[in-house]
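Chain by chain, the residues run as shown.
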Amino acid sequence: MRRAVITGERKIEVVDAAEPAPGPDEVKVRVHCCGVCGSDVLEYLYPTGFSDCLGHEFSGAVVEAGGNVRGVRVGERVAVYAYGARGFSEYAVVNGEHVVRLPDSVSFEAGALVEPVTVVLTGLRHCGFRAGDSCFVSGCGSIGLIGIQLVRAFGARKIVACEPKRHRREKAVEFGADVVIDPSRESVEEGVVRAVGDKVDFSLDCAGTGASILACARVTRVGRTVCVLGLTPERLDVSSYDLFLNNVKFQGSTPYDFRLFEASVGLIAEGKIDAMLVVTHRYPLEGIAEAFELAARADTDALKVLVWCSES
Ligand SMILES: [Zn+2]
């Protein structure tokens, strides 16, 4: 079978590999569609040697199941819940309990978005988002845009987004933001006060930069939480004054639990959110080098890039 591996800095290749066989508790999945995550791109730009674990946002069909596996059968379409999986591959073997069946109404492409939706959903649960909260979403890549859709679906009172790239600001409005701030042109704090009349109840950092996390801290109400979902290699430059004066909590949101994975499939199937709107590009597995290069470049309008690992 064919499988993608990182072979150096900014180098990813598709190579021949042995087809994996499932153990008694595992299933073998023919991978249909796998999303390129920001964390995959980081590994591509700055390889750490964990390149064996590329591709954790994927969907496919079960082609073989170990003897102890219950609850899923050969032929079923599934989304896979897996870190340390290898989704950029024709086949993957995963724990039989780590797959969620996809209803017919959820395509393989939407199935590949179940993982990123779950990342945001987990953040909202862990960090205490409540219906009626005003929200600040910093960074409008695919995670930020899914965040806007989810807080909208869960009854956010007002959503203020913040994003330096123009096409992403336009997307933020399309996804349901009430106000979008361009941090390169105006003060984020002033923009939030103008939009909400005060600080916000909840904020979601989806950029992961020091400036973004600090902006979240400054615009969030005392005692509430900044949910940190953004990942970059950048180190934070935060003084004790920033922490003392803003008095908010910072919380990450990993790991997610499996029930939320099922809940994400439900939100997509019921049309409560339309995660497919984040998909901008699609490549076949053999074109993965181009897919990664596109996802890694800052000067494109790419959001979620999907890789089709097998046809049909
Ligand atoms: Zn991811």
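Note that the structure is predicted; figures quoted are calculated from it, not measured.

*Asks:* Could you clarify how one ought to interpret unusual backbone geometry in this entry?
*Replies:* Leave glycine aside and you will find that most residues have negative phi; peptide bonds, for their part, are mostly trans. In this model, Arg10 sits at a positive phi of 60°, which is unusual for a non-glycine residue. If you trace the backbone, Arg10 turns up in the loop between strand E1 (2-8) and strand E2 (11-16).

*Asks:* Help me understand the coordination of the zinc ion, please; the structure alone is not making it clear to me.
*Replies:* Around a metal, the idealised angle for a tetrahedral arrangement of four donor atoms is 109.5 degrees; for an octahedral arrangement of six donor atoms it is 90 or 180 degrees. The coordination sphere of the zinc ion contains the protein donors Cys37 (SG), His56 (NE2) and Glu57 (OE), at a distance range of 2.1 to 2.7 Å. Ordering the donors of the zinc ion by residue number gives the pattern C-x18-H-E. When sorted by exposure, His56 lands in the same class as Glu57, which is buried.

*Asks:* What is the right way to look at helix H10 (residues 288-296) in this model?
*Replies:* The periodicity of an α-helix, 3.6 residues per turn, causes residues three or four positions apart to be oriented the same way. Along H10, the residues that are buried comprise Ile288, Ala291, Phe292, Leu294 and Ala296. At its buried positions, H10 is contacted by E1, E2, helix H1 (38-45), strand E14 (279-284) and strand E15 (304-308).

*Asks:* Which parts of the structure should I look at to understand the packing of aromatic side chains?
*Replies:* Within a pair of aromatic rings, the relevant descriptors are the distance that separates the centres and the angle that separates the planes. Under the criterion given, the structure shown has 4 aromatic pairs. When the ring of Tyr44 is compared with that of Phe292, the centres are 5.4 Å apart and the planes differ by 65°; the resulting orientation is edge-to-face. Of this pair, Tyr44 sits in helix H1 while Phe292 sits in helix H10, and the two are 248 residues apart along the sequence. Phe292 matches Tyr44 in its accessibility class, with the two residues each being buried. Ring geometry for Phe129 versus Phe202: centroids 5.4 Å apart, planes at 80°, classification edge-to-face. Here Phe129, found in the loop between helix H3 (114-126) and strand E8 (134-138), pairs with Phe202, found in strand E11 (residues 202-205); they are 73 residues apart in sequence, far enough to count as distant. Taking relative accessible area as the criterion, Phe202 reaches 1% and is therefore assigned buried. Through a chain of ring-to-ring contacts, the aromatic side chains of Tyr44, Phe88 and Phe292 assemble into a single cluster. Sitting above the plane of the Tyr91 ring, Lys28 keeps its charged end 4.7 Å from the centroid. Between Arg77 and the ring centre of Phe108, over which it is positioned, the NZ or CZ distance is 4.6 Å.

*Asks:* In this structure, what is going on with H1? I would like to understand it.
*Replies:* Asp40, Val41, Glu43, Tyr44 and Leu45 are the residues of H1 that are buried. On its buried face, H1 is in contact with E1, E2, strand E3 (26-35) and H10.

*Asks:* Would you explain the pattern of salt bridges in this entry?
*Replies:* Working definition: two side chains of opposite charge can pair if their charged atoms are close together. With the rule as written, the count across this model stands at 18 salt bridges. A salt bridge links Glu270 to Lys272; the shortest N-O distance between them is 2.7 Å. Put simply, Arg297 and Asp299 hold a salt bridge, and the shortest N to O gap is 3.1 Å. Exposure remark for Arg297: the relative accessible area of 40% places this residue in the partly exposed category. In this structure, a network of salt bridges that share partners links the residues Arg157, Asp198, Asp201 and Arg221.

*Asks:* Is there a simple way to explain the sheet that holds strand E12 (residues 225-228) in this structure?
*Replies:* Neighbouring strands of a sheet are bound in pairs by backbone hydrogen bonds; such pairs are parallel or else antiparallel. Strands sit in the order E10-E9-E8-E11-E12-E13 across an open sheet of 6 strands; the sheet is parallel. Since the sheet does not close on itself, it has two edges, and those belong to strand E10 (179-181) and strand E13 (249-251), each with one partner. Shown here is a sheet whose adjacent strand axes are inclined to one another by a mean of 20°, direction ignored. Alignment of E11 against E12, held across 3 bridges, turns out to be parallel. Within E12, the residue paired with Asp205 across the bridge is Val228. Against the sheet, helix H6 (residues 188-196) contacts E8, strand E9 (158-162) and E10, and its axis sits at roughly 160° relative to E9.

Rules behind the numbers
Residues numbered from 1 in each chain as written. Predicted model: local features only at pLDDT ≥ 70, side-chain atom pairs only at ≥ 80, totals over all residues. Heavy atoms only, no water. Helix = DSSP H or I, 4+ residues; strand = E, 2+ residues; numbered from the N terminus. Donors = N, O, S within 2.8 Å, 3.2 Å for Na, K, Ca; no water. Buried < 20%, exposed > 50% of the residue type's maximum accessible area, 1.4 Å probe, protein only. Contact = heavy atoms within 4.5 Å. Phe/Tyr/Trp six-rings, centres within 6.5 Å; stacked < 30°, edge-to-face > 60°. Lys NZ or Arg CZ within 6 Å of the ring centre and 35° of its normal. Salt bridge = Lys/Arg side-chain N within 4 Å of Asp/Glu carboxyl O. Pairing = 2+ DSSP bridges. Axes fitted to C-alpha atoms, helices over the stretch in contact; angles between N-to-C directions.

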